[in-house]
Amino acid sequence: IDNQQLHFSKVYINALNLLGIAQVDSRYDIVRDDESERKIAEFIKYNNLQQIIALNCFGAARARRFSDNNIRRLLDRLTSLCPQKSIILLAYPQVTQQLAEIAKQYVNVMVYENTQSIFDSIAIIRAAETVISPDTAIVHIASGLEKNLIAFYQDKTLAPINFAHWQPNNSAQTHILFYQNHINEIVAEDIQADWVNV
């Protein structure tokens, strides 16, 4: 399979076709952990969270990690565009306290401080209307759950093969903002009201 512009889901479909397997279902299969689903449902109910936006601020690479100042700029923008919505900052143990300190500055922003694994994040995404993320794992989980999505990618002219392989494969509303070298180049004001008020 020598087409460098294929999304990886299509690469796998073509590989299966070459093996004689036809009619492949290319939808993502997103795992469900019952304990995480129960804990997140309790968290949402206890805090009376509605119309949830799940915001992930960190990607695996250093160039895909928002600074604290830019997390605040994103939250300022989102809370002004949709003050009626609840925002949950996706966490993992190493950043939970950092995000909790930021969340305290906002009325409708929360962190699930007991996040232990990706299963907790999946449960939050499953409950969300919209997901915002620079991390392709979270982007593809959101796509698999058919969530409205705002994703951040390096400029596709700088990394055309990476974007072709890993762009969102999403049937729901999807918007992509591009940066040149670092995620902190993203301007929060580029997020439009109709992207989050769906």
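Residues numbered from 1 in each chain as written. Predicted model: local features only at pLDDT ≥ 70, side-chain atom pairs only at ≥ 80, totals over all residues. Heavy atoms only, no water.

### Focus on the pairing of strand β1 (residues 52–55)
The cut-off we apply is this: Burial status follows relative accessibility: with a 1.4 Å probe on protein chains alone, a residue under 20% of its type maximum counts as buried, one over 50% as exposed, and anything between as partly exposed. Secondary structure elements follow DSSP: runs of H or I of four or more residues count as helices, runs of E of two or more count as strands, with numbering from the N terminus. In this scheme, strands are said to pair when DSSP sees at least two bridges between them. With the strands aimed away from the viewer, a crossover counts as right-handed if its path from the first strand over the helix to the second runs clockwise.
Side-chain alternation along β1 places I52 and A54 on one buried face and I53 and L55 on a second face that is also buried. In this structure, β1 lies alongside strand β2 (residues 86–89), joined through four bridges in parallel fashion. Bridged to I52 within β2 is S86. Taken together, β1, helix α3 (residues 68–81) and β2 form a β-α-β motif whose crossover is right-handed.

### Topic: the side chain of H175
So the rule is basically this: Two N or O atoms form a polar contact when they lie within 3.5 Å of each other; inside protein one atom must be a possible hydrogen donor and the other a possible acceptor, and for residues adjacent in sequence the pair counts only when both atoms belong to side chains. Whether two residues are in contact is decided by their heavy atoms: any pair within 4.5 Å suffices.
In this structure, H175 sits in strand β6 (residues 174–179). With relative accessibility at 19%, the residue H175 sits in the buried group. In terms of polar contacts, H175 uses its side chain to reach the side chain of W195, at 3.3 Å. Setting aside its immediate chain neighbours within four residues, H175 contacts L149, I150, A151 and W195.

### Re the packing of aromatic side chains
Here is the rule we go by: Each aromatic pair joins two rings of Phe, Tyr and Trp (for Trp, the six-membered one) with centres within 6.5 Å, and gets the label stacked for planes under 30 degrees apart, edge-to-face for over 60, and tilted for any other angle.
A full pass over the atoms with the stated rule returns seven aromatic pairs. Ring geometry for F43 and Y112: centres 5.1 Å apart, planes at 65°, overall edge-to-face. Here Y112 lies in the loop between β3 (109–111) and α5 (118–127) and F43 lies in helix α2 (residues 34–46), a separation of 69 residues in the sequence. With respect to burial, F43 and Y112 carry one shared label: buried.

### Concerning the nonpolar core
Quick reminder of the rule: Buried Ala, Val, Leu, Ile, Met, Phe, Trp, Tyr and Cys residues form a nonpolar core when they are joined through side-chain atoms within 4.5 Å.
Counting 32 residues, the largest nonpolar core has L55, L75, L89 and I191 as its most contacted members. The set of elements that each furnish at least two residues to this core consists of β1, α3, β2, α4 (96–103), β3, β5 (148–154), β6 and α8 (193–196). Among the elements that make up this core, the one with the highest residue count is α3 (five residues). The residues touching L55, leaving out its near neighbours within four places in the chain, are L74, L75, L78, I87, I88, L89, L90 and I132. One finds I30, I40, Y112 and L149 within the second-largest nonpolar core, a separate group that totals 25 residues.

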